[in-house]
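Listed below are the residues making up each chain.
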Amino acid sequence: MKRVITYGTFDMLHYGHINLLKRAKEMGDYLIVALSTDEFNWESKQKKTYFSYEKRKQLLEAIRYVDLVIPEKSWEQKVPDVKLYQVDTFVMGDDWAGQFDFIQEETDAKVVYLARTPEISTTQIKKDLNETSLVTNHKSEID
Ligand code: C2G
């Protein structure tokens, strides 16, 4: 069985995330997603997620490509994770290109960076929603 692992926050799940998970699963038979905990997001990525870890985990577990969701609690857990779960391929979007090459040196896993889906991001969604609400509020004021 070929095992694949990937890491991320996956907040406000969108088709960019799904594209990544689909292609990651196509690289093996079993896909593990290490999902950033709320504490890790805040303390290590200064990210405040819209959905809690439990909600983000529930969403990921409903995706046909995902076989297991584990918590990502620290930057240092990747090599131990890859060894513990006997991972063959470590996958990340190419916004991380080069950042995790050390995993190839320290484990038997191959590291693959996949092209991001360019036009969508959680940050963009929040920005667009905020702008729409501003226009709507302004419009309702002048109507
Ligand atoms: N992604 C993508 N296309 C997008 C948005 C995201 O392919 N339009 C990919 C990212 O490259 C990443 C995964 O989806 O591989 C999850 O993205 P995020 O939730 O933003 O993850 P990130 O905050 O980059 O956390 O230790 C690694 C970190 O936990 C990664």
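This text gives an overview of the structure that appears in the document. (Residues numbered from 1 in each chain as written. Predicted model: local features only at pLDDT ≥ 70, side-chain atom pairs only at ≥ 80, totals over all residues. Heavy atoms only, no water.)

We now examine the nonpolar core. Core analysis: the largest hydrophobic core is formed by 17 residues, its most contacted members being Leu 21, Leu 31, Val 33, Leu 60, Val 66 and Val 91. Looking at this core, the elements with two or more residues in it are helix 1 (15–25), strand 2 (30–36), helix 3 (53–61) and strand 5 (110–114). With residues near it in sequence (within four places) discarded, Val 66 still touches Leu 21, Leu 31, Val 33 and Leu 60. Core analysis: the next-biggest nonpolar cluster, separate from the first, contains 14 residues, Tyr 7, Val 79, Met 92 and Phe 100 among them. (Core = buried A, V, L, I, M, F, W, Y, C linked by side-chain atoms within 4.5 Å. Buried < 20%, exposed > 50% of the residue type's maximum accessible area, 1.4 Å probe, protein only. Helix = DSSP H or I, 4+ residues; strand = E, 2+ residues; numbered from the N terminus. Contact = heavy atoms within 4.5 Å.)

If you trace the backbone, Glu 119 turns up in the loop between strand 5 and helix 6 (122–142). By relative accessible area, which is 48% here, Glu 119 ends up partly exposed. Once the C-alpha coordinates of Glu 119 and Gly 16 are considered, the two residues, 103 residues apart in sequence, prove to be 8.5 Å apart. Not counting residues up to four positions away in its chain, the partners in contact with Glu 119 are Tyr 15 and Gln 124. Side chain to side chain, Glu 119 and Tyr 15 meet in a polar contact 2.5 Å long. (Polar contact = N/O pair within 3.5 Å; in protein donor to acceptor, adjacent residues only side chain to side chain.)

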